[in-house]
Amino acid sequence: MRRLELATWLAAHQPADPAEAAARDAILALVTDHPAPWSRKTMAPGHITASAFVLSPDGTSVLLIRHPTLGRWLQPGGHVEADDPDIVAAARREVVEETGLEAFDLAPGHPWLLDVDVHEIPENPAKGEGTHRH
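For the chain, the count of helices and strands is three helices and six strands. Counting from the amino terminus, helix and strand elements in the chain follow one another as α-α-β-β-β-β-α-β-β. Over its C-alpha atoms the chain spans a radius of gyration of 15 Å, differing by no more than 12% from the 14 Å that the globule rule assigns to 134 residues. Summarising its shape, the C-alpha atoms of the chain cover approximately 40 × 35 × 30 Å along the three principal directions. The proportion of buried residues among the 134 residues of the chain is 31%. The long-range share in the chain, meaning contacts at least 24 apart out of those at least 6 apart in sequence, stands at 51%. Accessible surface for the chain amounts to roughly 8,300 Å². Of this, 56% is attributable to carbon and sulfur atoms.

As structure tokens, this is what we get:
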């Protein structure tokens, strides 16, 4: 994973509000200071995940998936895998895995980071995971 590339994108990201600024700063600190920021074994403070906004061809609708554990409607996304070359590849892989879509284009001229947030993931004893953040 290209840590420097992600740190550069995060540093350049213009947050929409103070909450997003705080999330960006927390993620930037995780990326620059933690030895394994994308490892799903990193529970404190959490780990980096990747997601994507999938738009209809005319750009008027967005695809959301009801997360089976969280019970929330979210954009496709999930954990970064060790063999993902970068965060964009991780997001692309997650779209394919969660939607079945394989033929899609990345929007040209758009920033790779559209929304930066940190959210709490509740404990999942079945997976041996405590509460952590994504």
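Still more to cover.
For the rest of this paragraph, the subject is the packing of helix α1 (residues 3-12) against helix α2 (residues 18-33). In contact at an axis separation of 10 Å, α1 and α2 are set at 160° when each is read in the N-to-C sense. By the angle between their axes, α1 is roughly antiparallel relative to α2. Handedness of the α1/α2 crossing: left-handed. Across the interface between the two elements, R3, L6, A7, L10 and A11 of α1 pack against R24, I27, L28, L30, V31 and T32 of α2.

Once that is clear, we can look at the side chain of R24. Summarising the element assignment, R24 is placed in helix α2. On the accessibility criterion, R24 (16% relative accessible area) is buried. There is a polar contact of 3.0 Å between the side chain of R24 and the side chain of D25. Non-local contacts of R24, meaning those with residues more than four positions away in its chain, are made with L10, H13, P15 and V116.

Moving on, we get to the environment of P18. In this fold, P18 is placed in helix α2. Judged by its relative accessible area of 69%, P18 is exposed. Separated by 44 residues in the primary sequence, P18 and V62 have C-alpha atoms spaced 25 Å apart.

Conventions adopted
- Residues numbered from 1 in each chain as written.
- Predicted model: local features only at pLDDT ≥ 70, side-chain atom pairs only at ≥ 80, totals over all residues.
- Heavy atoms only, no water.
- Helix = DSSP H or I, 4+ residues; strand = E, 2+ residues; numbered from the N terminus.
- Rg over C-alpha atoms; globule rule 2.2 N^0.38 Å.
- Buried < 20%, exposed > 50% of the residue type's maximum accessible area, 1.4 Å probe, protein only.
- Contact = heavy atoms within 4.5 Å.
- Areas by Shrake-Rupley, 256 points an atom, 1.4 Å probe, with all protein chains shown as cover.
- Axes fitted to C-alpha atoms, helices over the stretch in contact; angles between N-to-C directions.
- Parallel < 35°, antiparallel > 145°, perpendicular 65-115°, else oblique.
- Left-handed = near helix turned anticlockwise from the far one by under 90°.
- Polar contact = N/O pair within 3.5 Å; in protein donor to acceptor, adjacent residues only side chain to side chain.

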